[in-house]
Structure formats: C-alpha cells, structure tokens
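# Geometric and topological summary
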Amino acid sequence: MKVESIFITGVGQTKYGKLEGQSLSSLIYEAASMTLLDASIARSQIDAIVISNLASNRFNDQQNLTALCADVLGLSGTPAFRTGASSASGAAAIQQAVMMVKSGMFDNVLVIGVELMNQVPTDVSTSILANSTHPWEQEQGITIPALAAMCTRLNMIHNGLTREQLALVAVKNHKNALLNPLAHFHHKKVTIEDVMNSPIIADPLRLYDFSPRSDGAAAIIISSGKSVKKFCEQPIRITGIGAATDVFAYMDRENLMSLDATRLAAERALKTAGMTQKEIDILEVHDAFTPLELVNLEDMCFFERGSAGKALEEGITEREGQLPVNVSGGLKAKGHPVGATGIGQVLELTLQLRNEAGKRQVPGVETGLAHAIGGFGNNVFVTILSRT
Amino acid sequence: MNDKSLIQEFKENLKKRKLIGTKCRTCGSIGVYPNSQCRKCGNASFEKVKFSGKGTLITYTILHAVPLRFKENAPLVIGLVELEEGGRISAQLNASQDELSVGKKLEAIFQEIDGRILLKFKPLGGI
Ligand SMILES: [Zn+2]
C-alpha cells in the first residue's frame, strides 16, 4: 500500500546533551510547544498523541508518560498512545502515527519522544540499556556494545573493514555536529587520534565509537492531506515506511556480519515509496556505534558489501559529498536521547527538505531516508521523506 | 513442549553440568538455547541433543563496560561458540587475551559463582 498524502506539518526539538535542571515534563513541553508553533496549528486541532520513550520507569521513576504528556500540554481528553521498540521507539511512534492518519481516524497526530538518562550514574544506565538484549545474553553479562563488537570483528576479518574507517565515522559525524547548535557535541572537534587513543569499551570498539548518553526531546506533527491544505505552507511528504524485526539473540542468527532487519525495512520502505536507492539525496543512519553506519549503509544497498568504508574515505558520505550521511551529527555526535532519537532523525530530514537547516544545509535536497535500530538490529524502521 | 518448560529443562541440565539442546524433528536444525518454535521451518517438535561441549570460537570481545552485577569480574571475555554438533551459544570465556583468536578450539566448563552454575568456555586442553 502506498503511503502518499501523509505529511509532516511541524517539527521541534530541545537541545540534546547532559541537561541540568530539566524534567520529563519540561522537555516534553519545550519540544511540543516548538512543534505546534512551527506548524501554526492550534492545540485543539491535535487529534491524538503518540509518545516514545525507552525507560522512564528506570531512569526517572515515571512510567505513565501518556497521561503526563497529555496533561503537560493541556491536552487531557485527547487520546494518547505509547509505542515501544527499544532504541527505535521514536521511529516506531512516527510509523504508528502515519498509520493512524492513513486509517482516516485522525487528521493531526502529535508524536513526541523523550529521554532523560543522566539522572542515574553511568553503570546503572549501562545495566538499563542491557535490558534490551535476549535473556540468555543478559545472564552472561552481554551488552549491546558487546554484540556490536563481535559483529565488527567479523567485518574486519571478512569484509575489509578497518579500525581507521571506524574512527573516520566518528570524525565525520563530530565535524557535522559542529554546525548543529542543538547537538550534544556542538563544540567538540574529534580527530582520528582522539578515537584511537580513547579507552576500550568492547574490543575492538573504543569510547569514541559510541554515542553519548543524552537527555532531550523531539516532536513532529503527522497530518492528513485534507488537514495540510488548511494550515501548512511547506508540508513535507512521508512517501515510504518500512519496518522489520530479527531473531532476538545474536547467537541464533544465520547472518552474523550484518543486520537483516535493516535490509528488510529498507526494501519495504523503498517499495512503498516506489523509489530506488539512487533517488535518495541524504540519509540519517543509526550510528549508536561507528560500525553501524557503515554496515547498515551496505545492508540498505547504498554501497556494495565491504565498500562503505572506502566511500567514507573518499568523502562520498561527507556533508559536501554525493551522498551525505548524518549531517545532523548522527547519534554519535548530535546525541542519543533514546526515545527521541528516531524523531530527531526525521526532524533533521524535514529541515533539510524545507531548506531550513542553517549552516549545515545540503543544497538542493529533494528526498531523505531515516534509519533507526532497536536493540542490536532487533527492530528496524526506515522512513522516507520527499519535498512536495 | 512449551517455551517455559524447555528453558527450565535447559537450565536444570546446566545445573547438573550438562549441555543439552534441541534438534528439530522436521528439518534437523540444532538449537542450543531452546526456542518454542524452530526458526528455520516453524515446527515445534524437538528431540534432545547432548553436546560434547567442544566447539569453535566464531567471534569475541573483551567487554570493559559491564552491567552492575558483573562489576567485580570486569573486563569480561565474551565469545560466540559454534558447537561441534551444530548450534551456537554465546558465553563468557576463561581465556587470556593472547589465547583469543577466531577459529580457536574450545571446551565448555561449568563454573559455580554465588551458588549459580555459569556455562563458560576455555581453550581446548587448557587449564
Ligand atoms: Zn525445523
């Protein structure tokens, strides 16, 4: 089924980073208010809310985010839903909202993602994030970074992936974040040496291969064509959505070197959009760990197996390159407030397509693709946008 | 058999220091940690496979950022092992960094930690 005639009519986000003095309510309020303002839509025109979050019950002792969110926004009475797909929850919430609008039941759905992770110490947060792995893996002490490290080692042995290429992903995305004032690392320039000398987290992966623990919120409004005509000057069209899951435990997968759910979700999204890889101008790719950007670009068939690293070295995925990837800074440097991340990716594409991305604007962008992963490739969502 | 009893049985066997998995009666695919349905063919009838515990290291990592309850044991050496009868299992390894290489032959050991039996692997013939 084609998605056509579903639009993004407003976007907004808070700064990502280690935010002092913020609460779930204040972050939700800030992101949602900016989004309503951006869409020039009245509060009363919001028909439903979808909220995305990973673990507010563990990070902040609060699990009733639908009630909290509706109340904070003065929208009590409005139906509110919460969508979960581990670290891809934000992208899942967007796709759910698309289906809600497509169903004809709702005209304007406000999608909000939020995470406030820095209220607990790092080791507590490591344990909370490890809850996204298979029960057996958890019992052995295996975290998502450990799975990523094992997958990376196989790619180094069999696909020519190099340690320097991984460092270069971090360097590129940190460079991009210098132009994004809302990024977690807006002022941090990172060199290959910085990455190579950072402490080992899960050999061969080092500290600078990982996205930071960020606080933040992001929101967008998904609207029907009927609604768009009334208020939106520059709607961006959602042309394709695709989602997939994979075998839960890494040990039980046939394919250990790449993520099948990424391949499937991308195939499905491109099919619903009626597009090919060649027609995509920019991408936001889930780079919670540096190898993911390269492996997933290959899984989505933007590059042949084993060649995304070379494309990076040649500058193809730089902001000025033929196929810019993670111009926002990516999860790596823009930050990864887990529940907000997938929404933040689509927000970046929306700004780029509207020609409103400021200093980091890529000229002449007509289409964009966002890719979000939950767990270690367990849940993947791909969303494609076009200028209308 | 349902998932609950399969997993219970797997864990009971580990406590008895036995590694016993499942073989699909329809397609023959071998699973170490049980799943209620065969991932290959979707059937749900299994016979038991007793593993020798010998296998090959497919990939590994040394994990420094460990969950809270493993803090005292950090760093953890973690590997993915393919057993000689088929099927794979991820586990901690008792191996030093210079003993680690992909393709290394390993054998299972059952280590008691806080009254709990943990399945681990060590280099074949090693200490
Ligand atoms: Zn079978």
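Residues numbered from 1 in each chain as written. Chains lettered and ligands numbered in written order. Predicted model: local features only at pLDDT ≥ 70, side-chain atom pairs only at ≥ 80, totals over all residues. Heavy atoms only, no water.

## A short note on the overall build of chain B
Condition: For helices the rule is a DSSP run of H or I covering at least 4 residues; for strands it is a run of E covering at least 2, with both sets numbered from the N terminus onward. For each residue, the accessible area found with a 1.4 Å probe, counting protein chains only, is set against the maximum for its type, and the residue is called buried under 20%, exposed over 50%, and partly exposed in between.
Per the secondary structure count, chain B includes one helix and eight strands. The linear arrangement of helices and strands in chain B, starting from the amino end, is α-β-β-β-β-β-β-β-β. With 127 residues in all, chain B has 45% of them scored as buried.

## Topic: the domain arrangement of chain B
Residues and elements named next belong to chain B. As a reminder, the rule being used: Domain extents, as shown, originate in an automatic or database domain assignment. Here a residue-residue contact requires only that any non-hydrogen atoms of the pair lie within 4.5 Å. The quantity reported as buried area is the accessible area (1.4 Å probe) lost by two parts once they are put together, taken as the sum for both. Salt bridges, as used here, are contacts in which a Lys or Arg side-chain nitrogen is within 4 Å of a carboxyl oxygen on Asp or Glu. Classification used: nonpolar for Ala, Val, Leu, Ile, Met, Phe, Trp, Tyr, Cys and Pro, charged for Asp, Glu, Lys and Arg, polar for all others including Gly.
Under the domain assignment used here, chain B contains domain 1 (3-50) and domain 2 (54-123). Just the C-alpha atoms count here: the centres of domain 1 and domain 2 sit 21 Å apart. With eleven residues of domain 1 at the contact, the number on the domain 2 side is ten residues. The largest contributions to the domain 1 side of the interface with domain 2 come from Arg17, Leu19 and Val32, which together make up 55% of the buried area. Our count for the contact surface shared by domain 1 and domain 2 stands at one salt bridge. Across the pair Arg17 and Glu112 runs a salt bridge whose closest N-O atoms are separated by 4.0 Å. For the side of domain 1 that touches domain 2, the secondary structure elements donating two or more residues are helix 1 (3-15) and strand 3 (46-50). Here the element with the most residues in the side of domain 1 that touches domain 2 is helix 1; it accounts for three residues. Across the side of domain 1 that touches domain 2, the residue classes tally to seven nonpolar, no polar and four charged.

## Topic: the confidence of the model for chain B
What counts is decided by this rule: A residue's pLDDT is simply how confident the predictor is in it, with values from 0 to 100.
Counting all residues, the mean pLDDT for chain B is 93, and 96% of those residues have values of 70 or more. Interface scoring of the predicted complex returns ipTM 0.96; its pTM is 0.96.

## With respect to the sheet that holds strand 2 (residues 48-52) of chain A
All names here are of chain A. Just so we agree on the cut-off: Pairing between strands requires that DSSP locate at least two bridges from one strand to the other. Between N-to-C directions, angles span 0 to 180 degrees; the directions come from axes that are lines fitted to C-alpha atoms, helices contributing only their stretch in contact.
A sheet is described by the order of its strands in space; here nine strands give the open sequence 3-2-4-7-1-8-11-10-9, paired in mixed fashion. Single-partner strands in this sheet number two, and they are strand 3 (80-83) and strand 9 (282-285). For this sheet, the mean angle separating the axes of adjacent strands, direction not counted, is 25°. As paired elements, strand 10 (residues 367-374) and strand 11 (residues 379-387) share eight bridges and run antiparallel to each other. For Ala370, the partnering residue across the bridge sits in strand 11 and is Thr383. Contacts from helix 12 (residues 290-299) reach strand 9 and strand 10, with the element oriented near 125° to strand 9. Docked against the sheet, helix 15 (residues 338-354) engages strand 1 (6-13), strand 2, strand 4 (108-115), strand 7 (216-224), strand 8 (236-245), strand 9, strand 10 and strand 11, running at close to 110° with respect to strand 1.

## Brief notes about the packing of aromatic side chains
What counts, and what does not: Each Phe, Tyr or Trp ring, with Trp reduced to its six-membered ring, pairs with another whose centre is within 6.5 Å; inter-plane angles below 30 degrees give stacked pairs, above 60 give edge-to-face pairs, and intermediate values give tilted ones. Two conditions define a charge located above a ring, namely a distance within 6 Å from the ring centre to NZ of Lys or CZ of Arg, and an angle within 35 degrees of the ring normal.
Following the criterion strictly, the structure yields five aromatic pairs over all chains and no others. Relative to Tyr33(B), the ring of Trp136(A) lies with its centre 5.6 Å away and its plane at 50°, an arrangement referred to as tilted. Taken together, the residues Trp136(A) in helix 6 (residues 135-140) and Tyr33(B) in the loop between strand 2 (30-31) and strand 3 connect one chain to another. Both rings, one in Tyr250(A) and one in Phe376(A), keep their centres 5.8 Å apart while their planes meet at 80°; by these two values the pair is edge-to-face. Highlighted residues: Tyr250(A) in the loop between strand 8 and helix 11 (260-273) and Phe376(A) in the loop between strand 10 and strand 11, separated in sequence by 126 residues. Here Tyr250(A) and Phe376(A) have matching classes, each one buried. Every member of this aromatic cluster is reached through a ring pair, and the members are Trp136(A), Phe10(B) and Tyr33(B). When the ring centre of Tyr60(B) is taken as origin, the NZ or CZ atom of Arg153(A), which lies over that ring, is 3.7 Å away.

## Concerning the environment of Ile200(A)
Inspection of the secondary structure assignment puts Ile200(A) in strand 5 (residues 200-202). Ile200(A) gets classed as partly exposed once you look at its relative accessible area, which sits at 32%. Apart from the residues within four sequence positions on either side, Ile200(A) is in contact with Leu205(A), Arg206(A) and His64(B).

## Focus on the coordination of the zinc ion
Residue and element names in this part refer to chain B. Worth spelling out the cut-off: Note: metal donors comprise N, O and S atoms at 2.8 Å or less from the metal (3.2 Å for Na, K and Ca); water molecules are not included, so apparent gaps in a site are possible.
At the metal site, the zinc ion is ligated by Cys24 (SG), Cys27 (SG), Cys38 (SG) and Cys41 (SG), and these contacts range over 2.3 Å. Along the chain, the residues donating to the zinc ion are arranged with the sequence spacing C-x2-C-x10-C-x2-C. Residue Cys27 is found in the loop between strand 1 (20-24) and strand 2, and its partner Cys41 is found in the loop between strand 2 and strand 3; the two are separated by 14 residues along the sequence. Classification of Cys27 by relative accessible area gives partly exposed; the value is 36%. You can call Cys41 partly exposed: its relative accessible area is 33%.

## With respect to the pattern of salt bridges
Two side chains of opposite charge can pair, provided their charged atoms sit close to one another. All told, the structure shown has 23 salt bridges over all chains when counted by the stated rule. We note a salt bridge from Asp299(A) to Arg305(A), for which the minimum N-O separation is 2.8 Å. Assessed through its relative accessible area of 3%, Asp299(A) is described here as buried. Residue Arg305(A) is classed as partly exposed on the basis of its relative accessible area, which comes to 41%. As a salt-bridge pair, Glu12(B) and Lys15(B) come within 3.8 Å of each other at their nearest N and O atoms. Of this pair, Glu12(B) and Lys15(B) are both found in helix 1, three residues apart, which corresponds to roughly one turn of the helix. According to the relative accessible area criterion, Glu12(B) is partly exposed, its value standing at 38%. Connected through salt bridges with shared partners, the residues Asp38(A), Arg354(A) and Glu356(A) form a single ionic network.

## Here we look at the interface of chain B and chain A
Accessible area lost when the parts come together is the quantity often used to give the size of an interface. What counts here: Think of a polar contact as two N or O atoms within 3.5 Å of one another; within protein, one of them needs to be a possible hydrogen donor and the other a possible acceptor, and neighboring residues in sequence only count if both atoms come from side chains.
In this assembly, 33 residues from chain B lie in contact with 32 residues from chain A. In total, chain B and chain A occlude about 2,800 Å² of area from one another, counting both sides; carbon and sulfur atoms represent 60% of this. For the pair chain B and chain A, the interface holds three salt bridges. Residue Lys71(B) is joined to Asp123(A) by a salt bridge in which the shortest nitrogen-to-oxygen separation is 2.8 Å. There are 15 residue pairs in polar contact (both at pLDDT 80 or more) connecting chain B and chain A. Counting residues per element, the ones that place at least two in the side of chain B that touches chain A are helix 1, strand 4 (54-63), strand 5 (76-83), strand 6 (88-93) and strand 8 (116-123) of chain B.

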